[in-house]
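Residues per chain are reported as follows:
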Amino acid sequence: MVSEHVKNLPPPLAQFKEVQPKYTAAQHEAWRYIRQVSHPFYLEHAHPSYLESIELLDIPIDTIPRIAHIDDKLSQVSFGAIGVNGFIPPRAFMALQYRGVTPISTDMRIPANIGYTPSPDIVHEGLGHTTMLANLEVRRILQLFGELGIKAVSAPEDQEYYEATRHLSILEEDFVTTEEQKKEANERWKLANKAAYDAASDARRLSALHWFTVEFGLVKYNRESRIWGAALISSIDEGRNYLNRTIRPLSLETAEAQYNITIQQETLYEAESLDNILDILEKFRGTMSGTSDVGIESIIKPEERTHKFRPTEKQKRLNRIYKAMRECREQKRNTYWLRESWQKLEKEHEDDWLAPLGILEILTKGGFNPQLRSEIRASLEKKHGQSKDLEKLIGDGLALFDKAA
Ligand SMILES: [Fe+2]
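Every value quoted in this text rests on a predicted model; they were computed, and no experiment measured them.

## Some details on the overall build of the protein chain
- Scanning the protein chain from terminus to terminus reveals 19 helices and 6 strands.
- Taken against the 2.2 N^0.38 rule, which gives 22 Å for 405 residues, the C-alpha radius of gyration of the protein chain at 22 Å falls within 12% of a compact globule.
- Counting only C-alpha atoms and orienting by the principal axes, one finds that the protein chain spans roughly 70 × 45 × 45 Å.
- Across the 405 residues in the protein chain, those meeting the buried criterion constitute 42%.

## Some points on the packing of helix 15 (residues 313-329) against helix 16 (residues 336-348)
- Where helix 15 contacts helix 16, the axes come no closer than 10 Å and their chain directions differ by 155°. In terms of axis orientation, helix 15 runs roughly antiparallel to helix 16. The handedness of the crossing between helix 15 and helix 16 is left-handed. Of helix 16, the residues touching helix 15 (which contributes Lys314, Arg317, Ile321, Ala324, Met325 and Cys328) are Trp337, Leu338, Ser341, Lys344, Leu345 and Glu348.
- Each residue belonging to the contact of helix 15 with helix 16 can be placed in one class, and the counts come to 7 nonpolar, 1 polar and 4 charged.

## Remarks on the nonpolar core
- Counting 91 residues, the largest nonpolar core has Ile34, Ile82, Ile233 and Ile359 as the members making the most contacts within it.
- Shared between two domains, this core holds at least three residues of each, these being domain 1 (4-298) and domain 2 (313-404).
- Discounting chain neighbours no more than four positions away, the residues touching Ile233 are Tyr42, Ala46, Tyr50, Leu127, Gly128, Thr131, Ile227 and Gly239.
- Among the nonpolar cores identified, the runner-up in size contains 8 residues, and Ala164, Leu168, Trp189 and Ala196 belong to it.

## A word on the sheet that holds strand 3 (residues 218-221)
- If you walk across this open sheet you meet the 4 strands as 4-3-6-5, and the pairing is mixed. Two strands close off the open sheet at either side, each with one partner strand: strand 4 (224-227) and strand 5 (246-249). In this sheet, adjacent strand axes meet at a mean angle of 40° when their direction is disregarded.
- As judged from the 4 bridges shared by strand 5 and strand 6 (residues 267-271), these two strands associate in the parallel manner.

## Section: helix 3 (residues 25-45)
- Over its 21 residues, helix 3 extends 30 Å from the first C-alpha to the last, a length consistent with the 30 Å expected when each residue adds 1.5 Å.
- His39 marks where helix 3 bends most, by close to 40°; the proline Pro40 follows one to four residues later.
- Within helix 3, burial applies to Ala25, Ala26, Gln27, Glu29, Ala30, Trp31, Tyr33, Ile34, Arg35, Ser38 and Tyr42.

## So, the domain arrangement of the protein chain
- Here the protein chain is partitioned into domain 1 (4-298) and domain 2 (313-404).
- Contact with domain 1, which involves 11 residues of that partner, is made by 12 residues of domain 2.
- Taken together, the residues of the side of domain 1 that touches domain 2 sort by class into 7 nonpolar, 3 polar and 1 charged.

## A look at the environment of Leu390
- Looking at the secondary structure, you find Leu390 in helix 19 (residues 388-404).
- C-beta crowding within 10 Å serves as the criterion here: with 15 such atoms nearby, Leu390 is assigned to the partly exposed category.
- Considering only alpha carbons, one finds Leu390 and Trp353, 37 residues apart in sequence, at a separation of 8.5 Å.

How each quantity is defined
- Residues numbered from 1 in each chain as written.
- Predicted model: local features only at pLDDT ≥ 70, side-chain atom pairs only at ≥ 80, totals over all residues.
- Helix = DSSP H or I, 4+ residues; strand = E, 2+ residues; numbered from the N terminus.
- Rg over C-alpha atoms; globule rule 2.2 N^0.38 Å.
- Buried ≥ 20, exposed ≤ 12 C-beta atoms within 10 Å, placed from the backbone.
- Axes fitted to C-alpha atoms, helices over the stretch in contact; angles between N-to-C directions.
- Parallel < 35°, antiparallel > 145°, perpendicular 65-115°, else oblique.
- Left-handed = near helix turned anticlockwise from the far one by under 90°.
- Contact = placed C-beta atoms within 7 Å.
- Nonpolar A, V, L, I, M, F, W, Y, C, P; charged D, E, K, R; others polar.
- Core = buried A, V, L, I, M, F, W, Y, C linked by C-beta atoms within 7 Å.
- Domains from an automatic or database assignment.
- Pairing = 2+ DSSP bridges.
- Expected span 1.5 Å × (residues − 1).
- Bend = angle between axes of the 7 residues up to and from the residue.

Right under this line is the structure:
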(Lines give C-alpha, C1' and ligand atoms only; values in the text may rest on other atoms or scores of the structure.)
Protein backbone atom coordinates (compact mmCIF):
# COMPACT_ATOMS: atom_id res chain seq x y z
CA MET A 1 0.00 0.00 0.00
CA VAL A 2 1.28 3.45 -0.90
CA SER A 3 1.69 5.60 2.23
CA GLU A 4 -0.54 8.63 2.70
CA HIS A 5 2.56 10.83 2.71
CA VAL A 6 3.50 9.72 -0.78
CA LYS A 7 -0.09 9.84 -2.06
CA ASN A 8 -0.39 13.45 -0.96
CA LEU A 9 2.77 14.77 -2.61
CA PRO A 10 2.16 17.89 -4.73
CA PRO A 11 3.18 17.65 -8.44
CA PRO A 12 6.50 19.58 -8.11
CA LEU A 13 7.69 16.86 -5.71
CA ALA A 14 5.77 13.91 -7.16
CA GLN A 15 7.61 14.50 -10.47
CA PHE A 16 10.76 13.02 -8.89
CA LYS A 17 9.12 9.62 -8.33
CA GLU A 18 11.00 6.88 -10.19
CA VAL A 19 10.04 3.32 -10.93
CA GLN A 20 12.60 1.02 -9.31
CA PRO A 21 14.56 -0.95 -11.93
CA LYS A 22 14.92 -4.69 -12.04
CA TYR A 23 18.37 -5.34 -10.60
CA THR A 24 20.77 -7.95 -11.95
CA ALA A 25 21.82 -11.05 -10.00
CA ALA A 26 25.31 -9.47 -9.65
CA GLN A 27 23.80 -6.34 -8.09
CA HIS A 28 21.75 -8.39 -5.62
CA GLU A 29 24.94 -10.28 -4.73
CA ALA A 30 26.80 -7.02 -4.07
CA TRP A 31 23.96 -5.85 -1.80
CA ARG A 32 24.01 -9.21 0.02
CA TYR A 33 27.76 -8.92 0.56
CA ILE A 34 27.58 -5.38 1.97
CA ARG A 35 24.52 -6.12 4.10
CA GLN A 36 26.14 -9.22 5.63
CA VAL A 37 29.62 -7.81 6.15
CA SER A 38 28.43 -4.55 7.68
CA HIS A 39 25.65 -5.78 9.97
CA PRO A 40 27.69 -7.34 12.82
CA PHE A 41 29.87 -4.22 12.98
CA TYR A 42 26.96 -1.82 13.13
CA LEU A 43 25.10 -3.88 15.69
CA GLU A 44 27.98 -3.09 17.98
CA HIS A 45 28.95 0.41 16.88
CA ALA A 46 25.86 2.12 15.46
CA HIS A 47 23.35 4.16 17.40
CA PRO A 48 20.44 1.91 18.51
CA SER A 49 18.15 3.64 15.98
CA TYR A 50 19.92 1.41 13.40
CA LEU A 51 18.76 -1.89 14.82
CA GLU A 52 15.37 -0.48 15.69
CA SER A 53 14.88 0.53 12.05
CA ILE A 54 16.33 -2.60 10.45
CA GLU A 55 13.75 -4.57 12.40
CA LEU A 56 10.82 -2.25 11.77
CA LEU A 57 11.53 -1.99 8.05
CA ASP A 58 12.46 -5.64 7.73
CA ILE A 59 15.44 -4.80 5.48
CA PRO A 60 16.22 -7.99 3.52
CA ILE A 61 19.61 -9.67 3.46
CA ASP A 62 19.65 -11.55 0.16
CA THR A 63 18.01 -9.08 -2.19
CA ILE A 64 17.96 -5.33 -2.73
CA PRO A 65 14.91 -3.98 -0.91
CA ARG A 66 11.85 -2.82 -2.81
CA ILE A 67 11.06 0.82 -2.12
CA ALA A 68 7.33 0.04 -2.06
CA HIS A 69 8.04 -2.30 0.86
CA ILE A 70 10.01 0.39 2.73
CA ASP A 71 7.26 2.94 2.06
CA ASP A 72 4.63 0.54 3.36
CA LYS A 73 6.62 -0.22 6.53
CA LEU A 74 7.36 3.46 7.11
CA SER A 75 3.67 4.29 6.97
CA GLN A 76 3.44 2.62 10.42
CA VAL A 77 5.47 5.50 11.83
CA SER A 78 3.79 8.18 9.74
CA PHE A 79 6.52 8.52 7.15
CA GLY A 80 6.95 7.40 3.56
CA ALA A 81 9.54 6.75 0.84
CA ILE A 82 9.83 7.27 -2.92
CA GLY A 83 12.42 6.17 -5.46
CA VAL A 84 14.36 8.97 -7.17
CA ASN A 85 17.16 9.25 -9.74
CA GLY A 86 20.54 10.08 -8.14
CA PHE A 87 21.08 13.47 -6.48
CA ILE A 88 17.88 15.49 -6.65
CA PRO A 89 17.92 19.30 -6.21
CA PRO A 90 18.47 20.21 -2.54
CA ARG A 91 15.16 22.12 -2.35
CA ALA A 92 13.25 19.05 -3.52
CA PHE A 93 15.19 16.87 -1.08
CA MET A 94 14.44 19.18 1.85
CA ALA A 95 10.79 19.65 0.88
CA LEU A 96 10.29 15.88 0.72
CA GLN A 97 11.89 15.40 4.12
CA TYR A 98 9.74 18.15 5.59
CA ARG A 99 6.68 16.30 4.33
CA GLY A 100 7.86 13.07 5.91
CA VAL A 101 9.00 11.37 2.72
CA THR A 102 12.51 10.00 2.38
CA PRO A 103 13.87 10.05 -1.19
CA ILE A 104 15.68 6.82 -2.11
CA SER A 105 18.01 6.76 -5.08
CA THR A 106 17.21 3.61 -7.04
CA ASP A 107 20.73 3.23 -8.50
CA MET A 108 23.03 0.46 -7.35
CA ARG A 109 26.79 1.14 -7.10
CA ILE A 110 29.18 -0.46 -9.59
CA PRO A 111 31.40 -3.26 -8.20
CA ALA A 112 34.52 -1.03 -8.19
CA ASN A 113 32.79 1.22 -5.64
CA ILE A 114 31.51 -1.53 -3.38
CA GLY A 115 33.26 -0.02 -0.32
CA TYR A 116 32.32 3.62 -0.87
CA THR A 117 30.71 5.81 -3.52
CA PRO A 118 29.97 9.52 -3.34
CA SER A 119 26.78 8.92 -5.34
CA PRO A 120 23.55 8.21 -3.51
CA ASP A 121 22.41 4.67 -4.25
CA ILE A 122 20.14 2.02 -2.83
CA VAL A 123 22.85 0.86 -0.41
CA HIS A 124 23.40 4.37 0.91
CA GLU A 125 19.68 4.92 1.30
CA GLY A 126 18.47 1.44 2.20
CA LEU A 127 21.20 0.73 4.73
CA GLY A 128 22.04 4.31 5.72
CA HIS A 129 19.15 6.75 5.70
CA THR A 130 16.18 4.47 6.13
CA THR A 131 17.86 2.58 8.96
CA MET A 132 17.41 5.60 11.22
CA LEU A 133 13.76 6.23 10.65
CA ALA A 134 12.09 4.01 13.23
CA ASN A 135 13.23 6.51 15.83
CA LEU A 136 10.88 9.43 16.51
CA GLU A 137 13.65 11.90 17.35
CA VAL A 138 15.41 11.05 14.12
CA ARG A 139 12.25 11.77 12.14
CA ARG A 140 11.93 15.09 13.96
CA ILE A 141 15.52 15.97 13.09
CA LEU A 142 14.95 15.18 9.41
CA GLN A 143 11.73 17.15 9.28
CA LEU A 144 13.34 20.12 11.00
CA PHE A 145 16.20 20.02 8.49
CA GLY A 146 13.50 19.94 5.81
CA GLU A 147 11.67 22.93 7.25
CA LEU A 148 14.84 25.01 7.59
CA GLY A 149 16.05 23.83 4.19
CA ILE A 150 12.96 25.18 2.44
CA LYS A 151 13.29 28.50 4.27
CA ALA A 152 17.06 28.90 3.87
CA VAL A 153 18.16 31.50 1.34
CA SER A 154 20.61 30.09 -1.22
CA ALA A 155 23.20 31.72 -3.49
CA PRO A 156 23.72 31.15 -7.25
CA GLU A 157 26.96 29.35 -6.28
CA ASP A 158 24.86 26.70 -4.52
CA GLN A 159 23.12 25.82 -7.78
CA GLU A 160 26.45 25.41 -9.63
CA TYR A 161 27.72 23.30 -6.72
CA TYR A 162 24.68 21.03 -7.01
CA GLU A 163 25.07 20.66 -10.78
CA ALA A 164 28.82 19.96 -10.52
CA THR A 165 28.19 17.38 -7.80
CA ARG A 166 25.51 15.60 -9.76
CA HIS A 167 27.67 15.55 -12.88
CA LEU A 168 30.66 14.14 -10.98
CA SER A 169 28.55 11.48 -9.29
CA ILE A 170 27.16 10.37 -12.66
CA LEU A 171 30.68 9.94 -14.06
CA GLU A 172 31.93 8.11 -10.96
CA GLU A 173 29.32 5.42 -11.45
CA ASP A 174 29.71 4.98 -15.18
CA PHE A 175 31.77 2.12 -16.61
CA VAL A 176 32.79 4.10 -19.68
CA THR A 177 34.08 7.27 -17.99
CA THR A 178 37.66 8.13 -18.95
CA GLU A 179 40.24 9.37 -16.45
CA GLU A 180 40.32 12.66 -18.39
CA GLN A 181 36.57 13.16 -17.94
CA LYS A 182 36.83 12.39 -14.25
CA LYS A 183 39.66 14.87 -13.85
CA GLU A 184 37.72 17.60 -15.60
CA ALA A 185 34.59 16.95 -13.52
CA ASN A 186 36.70 16.96 -10.37
CA GLU A 187 38.24 20.33 -11.26
CA ARG A 188 34.82 21.81 -11.92
CA TRP A 189 33.55 20.37 -8.66
CA LYS A 190 36.50 21.77 -6.65
CA LEU A 191 35.92 25.29 -7.98
CA ALA A 192 32.19 25.05 -7.34
CA ASN A 193 32.77 23.73 -3.84
CA LYS A 194 35.11 26.60 -2.97
CA ALA A 195 32.76 29.21 -4.45
CA ALA A 196 29.77 27.85 -2.52
CA TYR A 197 31.80 27.71 0.69
CA ASP A 198 32.95 31.34 0.21
CA ALA A 199 29.40 32.49 -0.56
CA ALA A 200 28.36 30.96 2.81
CA SER A 201 24.62 31.19 2.17
CA ASP A 202 22.23 29.91 4.83
CA ALA A 203 21.48 26.95 2.55
CA ARG A 204 25.17 26.07 2.35
CA ARG A 205 25.68 26.45 6.10
CA LEU A 206 22.67 24.22 6.74
CA SER A 207 24.12 21.67 4.30
CA ALA A 208 27.31 21.57 6.37
CA LEU A 209 25.26 20.75 9.46
CA HIS A 210 23.34 18.12 7.49
CA TRP A 211 26.60 16.64 6.22
CA PHE A 212 28.19 16.34 9.65
CA THR A 213 25.07 14.91 11.31
CA VAL A 214 22.66 13.06 8.99
CA GLU A 215 25.49 11.90 6.70
CA PHE A 216 28.61 11.60 8.88
CA GLY A 217 27.42 12.21 12.42
CA LEU A 218 28.36 10.42 15.59
CA VAL A 219 26.04 10.49 18.57
CA LYS A 220 26.89 9.62 22.17
CA TYR A 221 25.03 6.69 23.59
CA ASN A 222 25.80 5.22 27.02
CA ARG A 223 28.93 7.41 27.05
CA GLU A 224 30.22 5.76 23.88
CA SER A 225 30.66 7.29 20.44
CA ARG A 226 28.10 5.63 18.21
CA ILE A 227 27.86 5.87 14.45
CA TRP A 228 24.69 7.59 13.33
CA GLY A 229 25.25 9.18 9.90
CA ALA A 230 23.93 7.41 6.81
CA ALA A 231 27.15 7.78 4.84
CA LEU A 232 29.08 6.03 7.61
CA ILE A 233 26.53 3.24 7.95
CA SER A 234 26.39 2.61 4.23
CA SER A 235 30.16 2.62 3.68
CA ILE A 236 31.98 -0.37 5.06
CA ASP A 237 35.28 1.48 4.50
CA GLU A 238 34.44 4.74 6.23
CA GLY A 239 32.30 3.24 8.98
CA ARG A 240 35.04 1.04 10.31
CA ASN A 241 37.58 3.82 10.31
CA TYR A 242 35.50 6.18 12.39
CA LEU A 243 37.49 5.79 15.57
CA ASN A 244 40.72 6.80 13.79
CA ARG A 245 39.29 10.18 12.81
CA THR A 246 39.54 13.44 14.68
CA ILE A 247 36.29 13.69 16.60
CA ARG A 248 34.99 17.17 17.56
CA PRO A 249 31.88 18.09 19.50
CA LEU A 250 29.00 19.14 17.27
CA SER A 251 28.00 22.78 17.73
CA LEU A 252 26.44 25.67 15.85
CA GLU A 253 29.93 26.51 14.54
CA THR A 254 29.94 23.21 12.63
CA ALA A 255 27.76 25.05 10.10
CA GLU A 256 30.87 27.03 9.08
CA ALA A 257 33.02 23.92 8.53
CA GLN A 258 34.29 22.98 5.08
CA TYR A 259 33.39 19.58 3.74
CA ASN A 260 34.41 17.51 0.78
CA ILE A 261 32.11 14.79 -0.49
CA THR A 262 34.73 13.19 -2.74
CA ILE A 263 37.13 11.93 -0.08
CA GLN A 264 36.90 10.11 3.23
CA GLN A 265 36.26 12.59 6.07
CA GLU A 266 39.20 13.52 8.30
CA THR A 267 37.09 15.13 10.99
CA LEU A 268 33.82 13.84 12.35
CA TYR A 269 31.46 15.64 14.71
CA GLU A 270 29.77 14.09 17.69
CA ALA A 271 26.44 15.18 19.18
CA GLU A 272 25.77 14.70 22.88
CA SER A 273 22.43 13.12 21.96
CA LEU A 274 19.76 13.26 19.24
CA ASP A 275 18.09 16.07 21.25
CA ASN A 276 21.35 17.98 21.06
CA ILE A 277 21.05 18.01 17.24
CA LEU A 278 17.51 19.41 17.51
CA ASP A 279 18.79 22.16 19.85
CA ILE A 280 21.58 23.11 17.47
CA LEU A 281 19.13 23.29 14.58
CA GLU A 282 16.86 25.59 16.58
CA LYS A 283 19.87 27.80 17.30
CA PHE A 284 20.69 27.75 13.60
CA ARG A 285 17.18 29.05 12.85
CA GLY A 286 18.07 32.16 14.90
CA THR A 287 21.13 32.84 12.71
CA MET A 288 19.29 32.69 9.37
CA SER A 289 19.45 35.90 7.37
CA GLY A 290 15.85 35.75 6.17
CA THR A 291 13.32 33.46 4.56
CA SER A 292 13.55 32.34 0.96
CA ASP A 293 10.57 33.25 -1.20
CA VAL A 294 11.39 30.59 -3.81
CA GLY A 295 8.52 28.10 -3.77
CA ILE A 296 8.66 24.41 -4.65
CA GLU A 297 6.84 25.21 -7.93
CA SER A 298 10.11 26.49 -9.38
CA ILE A 299 12.08 23.26 -8.76
CA ILE A 300 13.45 21.92 -12.01
CA LYS A 301 14.03 18.19 -12.45
CA PRO A 302 17.48 17.51 -14.00
CA GLU A 303 17.32 16.03 -17.48
CA GLU A 304 20.55 14.02 -17.45
CA ARG A 305 20.00 10.50 -16.14
CA THR A 306 22.36 8.68 -13.82
CA HIS A 307 23.59 5.14 -14.53
CA LYS A 308 23.24 5.41 -18.28
CA PHE A 309 25.47 2.46 -19.09
CA ARG A 310 24.32 -0.64 -20.86
CA PRO A 311 25.98 -3.95 -19.92
CA THR A 312 28.53 -5.38 -22.34
CA GLU A 313 28.18 -8.95 -23.63
CA LYS A 314 30.93 -9.97 -21.19
CA GLN A 315 29.07 -8.41 -18.28
CA LYS A 316 25.89 -10.20 -19.37
CA ARG A 317 27.75 -13.52 -19.33
CA LEU A 318 29.12 -12.74 -15.87
CA ASN A 319 25.64 -11.92 -14.69
CA ARG A 320 24.41 -15.32 -15.88
CA ILE A 321 27.02 -16.89 -13.61
CA TYR A 322 25.68 -14.88 -10.68
CA LYS A 323 22.19 -15.99 -11.57
CA ALA A 324 23.17 -19.68 -11.65
CA MET A 325 24.96 -19.24 -8.33
CA ARG A 326 21.89 -17.68 -6.74
CA GLU A 327 19.74 -20.55 -8.02
CA CYS A 328 22.18 -23.05 -6.48
CA ARG A 329 22.01 -21.18 -3.18
CA GLU A 330 18.24 -21.26 -3.31
CA GLN A 331 18.41 -24.98 -4.17
CA LYS A 332 16.69 -24.40 -7.49
CA ARG A 333 19.67 -25.77 -9.39
CA ASN A 334 22.06 -28.64 -8.80
CA THR A 335 25.40 -27.66 -7.24
CA TYR A 336 27.04 -29.40 -10.20
CA TRP A 337 26.65 -25.99 -11.91
CA LEU A 338 29.05 -24.43 -9.46
CA ARG A 339 32.04 -26.20 -10.99
CA GLU A 340 31.00 -25.09 -14.44
CA SER A 341 30.47 -21.52 -13.19
CA TRP A 342 33.88 -21.55 -11.56
CA GLN A 343 35.52 -22.68 -14.80
CA LYS A 344 33.83 -19.86 -16.69
CA LEU A 345 35.00 -17.35 -14.08
CA GLU A 346 38.56 -18.58 -14.34
CA LYS A 347 38.48 -18.38 -18.09
CA GLU A 348 36.86 -15.03 -18.66
CA HIS A 349 36.32 -13.05 -15.44
CA GLU A 350 39.60 -13.29 -13.63
CA ASP A 351 39.19 -9.98 -11.82
CA ASP A 352 35.85 -10.88 -10.27
CA TRP A 353 36.11 -11.91 -6.62
CA LEU A 354 32.51 -11.75 -5.47
CA ALA A 355 31.22 -14.70 -7.51
CA PRO A 356 34.05 -17.06 -6.42
CA LEU A 357 33.37 -15.99 -2.86
CA GLY A 358 29.68 -16.85 -3.28
CA ILE A 359 30.49 -20.24 -4.80
CA LEU A 360 32.92 -21.01 -2.00
CA GLU A 361 30.28 -20.05 0.55
CA ILE A 362 27.70 -22.45 -0.90
CA LEU A 363 30.24 -25.28 -1.08
CA THR A 364 31.47 -24.66 2.46
CA LYS A 365 28.00 -24.42 3.99
CA GLY A 366 26.88 -27.59 2.21
CA GLY A 367 30.12 -29.43 2.97
CA PHE A 368 30.52 -30.15 -0.79
CA ASN A 369 33.54 -30.79 -2.97
CA PRO A 370 36.62 -30.13 -0.79
CA GLN A 371 38.90 -30.15 -3.81
CA LEU A 372 37.03 -27.40 -5.63
CA ARG A 373 36.84 -25.46 -2.37
CA SER A 374 40.58 -25.42 -1.92
CA GLU A 375 41.06 -24.48 -5.58
CA ILE A 376 38.76 -21.44 -5.20
CA ARG A 377 40.23 -20.46 -1.86
CA ALA A 378 43.75 -20.55 -3.27
CA SER A 379 42.69 -18.33 -6.15
CA LEU A 380 40.96 -15.88 -3.80
CA GLU A 381 44.00 -15.73 -1.57
CA LYS A 382 46.11 -14.91 -4.60
CA LYS A 383 43.76 -12.03 -5.51
CA HIS A 384 43.80 -10.99 -1.88
CA GLY A 385 47.46 -10.06 -2.20
CA GLN A 386 46.92 -7.79 -5.21
CA SER A 387 45.83 -4.65 -3.35
CA LYS A 388 44.91 -3.39 0.09
CA ASP A 389 41.28 -2.90 -0.97
CA LEU A 390 40.96 -6.45 -2.27
CA GLU A 391 42.64 -7.81 0.84
CA LYS A 392 39.96 -6.15 2.97
CA LEU A 393 37.01 -7.03 0.75
CA ILE A 394 37.93 -10.68 0.23
CA GLY A 395 39.16 -11.07 3.81
CA ASP A 396 35.84 -9.79 5.18
CA GLY A 397 33.88 -12.13 2.94
CA LEU A 398 35.94 -15.17 3.92
CA ALA A 399 35.78 -14.30 7.61
CA LEU A 400 32.02 -14.10 7.40
CA PHE A 401 31.31 -17.65 6.43
CA ASP A 402 34.43 -19.13 8.01
CA LYS A 403 32.87 -17.98 11.27
CA ALA A 404 29.52 -19.46 10.36
CA ALA A 405 30.98 -22.80 9.17
FE1 LIG B 1 22.69 10.76 1.98
